[in-house]
Amino acid sequence: MAERWTRERRLERTRSLLLDAAQEVFAEKGFTAATLDDIAHAAGYTKGAIYKHFPTKEELFLAVSDRYWQRYFDTFSELLSAASQVGAYELDQVAQRWRQLAEDRGAESAALGYEFTLYLLRNPEARERVATKRVEVAEALARFIVEGLDRIGATLLIPPLTFARVLIATTDSIALGTQLDDVDLYRPTLEMYMSAIKLP
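So, here is what we can say about the structure in this document. (Residues numbered from 1 in each chain as written. Predicted model: local features only at pLDDT ≥ 70, side-chain atom pairs only at ≥ 80, totals over all residues. Heavy atoms only, no water.)

## So, the side chain of Thr-14
And step 1. Its place among the elements puts Thr-14 in helix H1 (residues 2-29).
And step 2. The class of Thr-14 is buried, set by a relative accessible area of 12%.
And step 3. A distance of 3.4 Å separates a polar atom in the side chain of Thr-14 from a polar atom in the side chain of Tyr-45.
And step 4. With residues up to four places along the chain from it excluded, the contact list for Thr-14 reads Tyr-45 and His-53. (Helix = DSSP H or I, 4+ residues; strand = E, 2+ residues; numbered from the N terminus. Buried < 20%, exposed > 50% of the residue type's maximum accessible area, 1.4 Å probe, protein only. Polar contact = N/O pair within 3.5 Å; in protein donor to acceptor, adjacent residues only side chain to side chain. Contact = heavy atoms within 4.5 Å.)

In structure tokens, the structure reads:
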């Protein structure tokens, strides 16, 4: 049993190092220009190590994106779990956390999301390969939203999955628009999101 656990830990460490390298290489070169050889070299592994964890470059990219969304979930879960209502103060706090997450991630990573979207639009077969994973991310976000709203007795006025997809589709836009035009779009966007939520 101990050996099995050791092997699992080793595999998880390898996966984490590959994701770290992929995040750096994608941010530096872009999705299309980055190769699996580049990523393997940056991680100190062979390309075969990548294939053991990620069947395609698209799935590797989505796994990198997943880590961002997990940090997003964890950050806001902590914030919402302490809230008994959603007023101006709470919206300010969420906007501040959102802004910080975006700054930590960097504008290049937000722009990378657009590049990947364009790649999927131009490659229907790739879009089909990752369709299930994209749905999984949206469904996970929808569950997180419903759980958070349930805690404060609020309800969504639109389907949770629709709301989650709107968040996913707009997050990079808000980060890029804020930086490019030097105007804070986080708080106004939160107010628009709140129009789809009925508070107790």
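What follows picks up the thread again.
## Description of helix H9 (residues 186-194)
And step 1. Among all positions in H9, only Tyr-186, Arg-187, Thr-189, Leu-190, Tyr-193 and Met-194 are buried. For H9, the arc enclosing every buried residue in end-on projection is 160°, short of the 170-degree limit, so these residues lie on one face.
And step 2. Considering only its buried residues, H9 is in contact with helix H5 (88-105), helix H8 (160-181) and strand S2 (197-198). (Arc of directions from axis to C-beta.)

## Side note on the nonpolar core
And step 1. Of all hydrophobic cores here, the largest spans 33 residues; its most connected members are Leu-141, Ile-145 and Phe-163.
And step 2. Counting only elements with at least two residues in this core, the list comes to helix H4 (57-81), H5, helix H6 (107-122), helix H7 (124-151), H8 and H9.
And step 3. If sequence neighbours within four positions are ignored, Leu-141 has contacts with Trp-69, Phe-73, Ala-164, Leu-167 and Ile-168.
And step 4. Membership of the second largest hydrophobic core comes to 25 residues, among which are Ala-21, Ala-63, Leu-112 and Leu-120. (Core = buried A, V, L, I, M, F, W, Y, C linked by side-chain atoms within 4.5 Å.)

## Observations concerning the pattern of salt bridges
And step 1. This structure, assessed with the given rule, holds 10 salt bridges.
And step 2. Residue Lys-47 pairs with Asp-37 through a salt bridge whose shortest N-O separation is 3.8 Å. Taken together, the positions of Lys-47 in helix H3 (residues 47-53) and Asp-37 in helix H2 (residues 36-43) put the pair 10 residues apart, joining distant regions of the chain.
And step 3. Here Asp-184 and Arg-99 are joined by a salt bridge, their closest N and O atoms 2.5 Å apart. Taken together, the residues span a long stretch of sequence, with Asp-184 in the loop between H8 and H9 and Arg-99 in helix H5 at a distance of 85 residues. (Salt bridge = Lys/Arg side-chain N within 4 Å of Asp/Glu carboxyl O.)

In short, the description is geometric, and any link to function would need to be established separately.
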